[in-house]
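Coordinate inspection notes
Okay, here's what each chain looks like letter by letter:
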Amino acid sequence: MRKYEKYPLYIHNSLSRSKELFKAINPPHIGLYVCGPTVYSDVHIGNCRTFVSFDVVFRYLSHLGYQVRYVRNITDVGHLLDDGEDRMAKRAKVEQLEPMEIAQKYTNGFHKVMEIFNTLPPSIEPQASGHIPEQIEMVQAIIDNGYGYEKNGSVYFNTRKFASDSSVYGNLSGRVLDDLLQETRTLKNQDEKEDPADFAIWMKADDRHIMRWNSPWSVGFPGWHLECSAMSTKYLGKTFDIHGGGSDLKFPHHENEIAQNNGACGCSPANYWMHSNMLLLNGKKMSKSDGNTITPHQLFDGNSEHISKGYDPMTIRFFFLQAHYSSTLDLSDTALQAAEKGYKRLLNALPIAERLKDASVDGKTVDEELTQKIKDLCNQCYIEMCNDFNTAKTMAVLFEISSILNEIDQNPKLLTGLTTETLVELGETYVGFVEDVLGLKKEAEDTSKIGDVIEILIQLRQEARANKNWALSDQIRDQLLASGITIKDGKDGTTFSL
RNA sequence: GGUCGCGUGGCCGAGUGGCUAGGCAGAGGUCUGCAAAACCUUGUACGGCGGUUCGAAUCCGCCCGCGACCUCCA
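Here we summarise the structure given alongside this text. (Residues numbered from 1 in each chain as written. Chains lettered and ligands numbered in written order. Predicted model: local features only at pLDDT ≥ 70, side-chain atom pairs only at ≥ 80, totals over all residues. Heavy atoms only, no water.)

Glancing now at the overall build of chain A. Per the secondary structure count, chain A includes 18 helices and 15 strands. Every one of the 498 residues in chain A was classed for burial, and the buried ones make up 51%. Contacts in chain A between residues at least 24 apart in sequence constitute 74% of all its contacts with a sequence separation of at least 6. For chain A, the exposed area adds up to about 23,400 Å²; of that, 49% sits on carbon and sulfur atoms. Counting 53 positive and 68 negative side-chain charges, chain A places the centres of these two groups 2 Å from one another. (Helix = DSSP H or I, 4+ residues; strand = E, 2+ residues; numbered from the N terminus. Buried < 20%, exposed > 50% of the residue type's maximum accessible area, 1.4 Å probe, protein only. Contact = heavy atoms within 4.5 Å. Areas by Shrake-Rupley, 256 points an atom, 1.4 Å probe, with all protein chains shown as cover. Lys, Arg positive; Asp, Glu negative; His and termini not counted. Charge placed at Lys NZ, Arg CZ, Asp CG, Glu CD.)

Quick look at the structure:
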């Protein structure tokens, strides 16, 4: 029996604005599509939160026994600025590089940061520019179905017709078409549209536009929302299980994505839509223009006015997961400091759990109460994660489990009251949720020679202590501390941390 | 202006119509030559005013405050 049969999963579906029992279309397979970044500059820490959130979704679905095809795209074409200039092209001009060099450069940087945050790579990571034929086909299908029209070489989606035919438009974002018309901004080629709510699915390239492809309508490029529609269809089918993305993409991006899929094939792309919420900095939206922003690397090395020191990437991951993905989260120095200690605490119990995984005891008299408590807590981890991926609550349960682990560690007598099975479950659940589901991992141990040197110093200090030479022992400890090396005297000897 | 969401103890942050969230900080303790670290124990709460209810921080209304989206955004 797979775990997902034992633990029903509930997901807050943005489409219905309520929590729904999750039913996979074709279990054990699941199609998961998440809108990836537009690679025109360094990845934003807010993006990182979103991708960490969906990384946990991917990890947990897999943990439950589903076979997940996780598609996360790279948008490298079609995403325009207000003035109609392509984001990639503009950056290429600034950096004096080919647009594809820009895409590659920032894709590489994105991957590096994702790896630092210990997110698993998606199953497929398609690039928009690599799927121009698919997008052209989709435009054609939309035209054939009467939901697209060509004007001067550009093709627009007929939003009003779609809205009146299907009553699908606006369901996700709660928009009413007529309200949209009121506040429509002045955009490029607005006069070509039959209706202000229409949006471009293919755009004719003007002379200075260097990213261009041949199409039946013009030499041009696809509209921004189209790549997700085309690529999700290609790799996950016309209708798949879960579509995710940041809440700021709900409108217009996701709404239009749904419209395009319906327009092309008559069905909506995903059964469940998940939206992760925004990361704030000191209570406010991050914004480059007013300086209220911080990059991942600044967070790591502490090089920012907003923080007092650098933070371990896993501390930041822990910090993200302490909140629910659907809530806004306020990043601040004090919050990170708290997370740092909490994260350490969670990890300190990990070696104990590791040992229990291979434990073998023969409990003469079973401690029913403790056994039940352990079973309940282990079970609770699944219940909380199945409740719309509530990582915050899951971590609270893990902290409770860590207390038991510490208790066992300090009082090995407790082991005699537990069966091997219980201990293994305890160890496997803790390690499984901390490492596999939440994706928290210990930073690589420093195995360099410095470790050996410190061990020698610790030995010398031990000798000094044995001779009650406190002056020398304290000198070793204090000077090591001054270099950032902490000496910890424990019951079973002395350890250190860098 | 329109739409949606939020307001929880010193801080961060879950959550539910009645039952301990959790983490950090604070307090007390264990350990220790002293310390640090680690671990254990522990207090404080639900923006304001009304209403529904046996009972609401949780549901409803109003008010105050904050935020997001409204064709750039994860």
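What follows covers the environment of Gln67. Turning to its location among the elements, Gln67 is positioned in strand 4 (residues 67-72). Between the C-alpha atoms of Gln67 and Gly31, which are 36 residues apart in sequence, the distance is 8.7 Å. Those residues in contact with Gln67 that sit more than four places away from it in its chain are Arg2, Pro28, His29 and Ile30.

Glancing now at the packing of aromatic side chains. Per the counting criterion, the structure on display carries 22 aromatic pairs. Where Tyr60 meets Phe389, the ring centres are 6.2 Å apart and the plane angle is 90 degrees; that geometry is what we call edge-to-face. Taken together, the residues span a long stretch of sequence, with Tyr60 in helix 2 (residues 45-63) and Phe389 in the loop between helix 14 (368-386) and helix 15 (391-410) at a distance of 329 residues. Judged by centre distance (5.7 Å) and plane angle (70 degrees), the ring pair of Phe157 and Phe162 falls under edge-to-face. Of the two residues examined, Phe157 and Phe162, each falls in the buried class. Within the aromatic cluster, the residues linked to one another by ring pairs are Tyr7, Tyr60, Tyr382, Phe389 and Phe433. Stacked on the ring of Tyr147, the Lys or Arg Lys161 has its end atom at 4.5 Å from the ring centre. (Phe/Tyr/Trp six-rings, centres within 6.5 Å; stacked < 30°, edge-to-face > 60°. Lys NZ or Arg CZ within 6 Å of the ring centre and 35° of its normal.)

As a further point, take the pairing of strand 3 (residues 29-34). The element strand 3 is extensively covered by neighbouring structure, given that five of its six residues are classed as buried. When strand 3 meets strand 4, the two strands line up parallel, connected through six bridges. Residue pairing across strands places Leu32 opposite Tyr70, the latter belonging to strand 4. For the crossover from strand 3 across helix 2 to strand 4, the handedness is right-handed. Sheet topology places strand 3 next to strand 9 (residues 240-246); three bridges connect them, and they run parallel. If you follow Val34 over to strand 9, its bridge partner there is Gly244. (Pairing = 2+ DSSP bridges. Right-handed = clockwise from strand over helix to strand, strands pointing away.)

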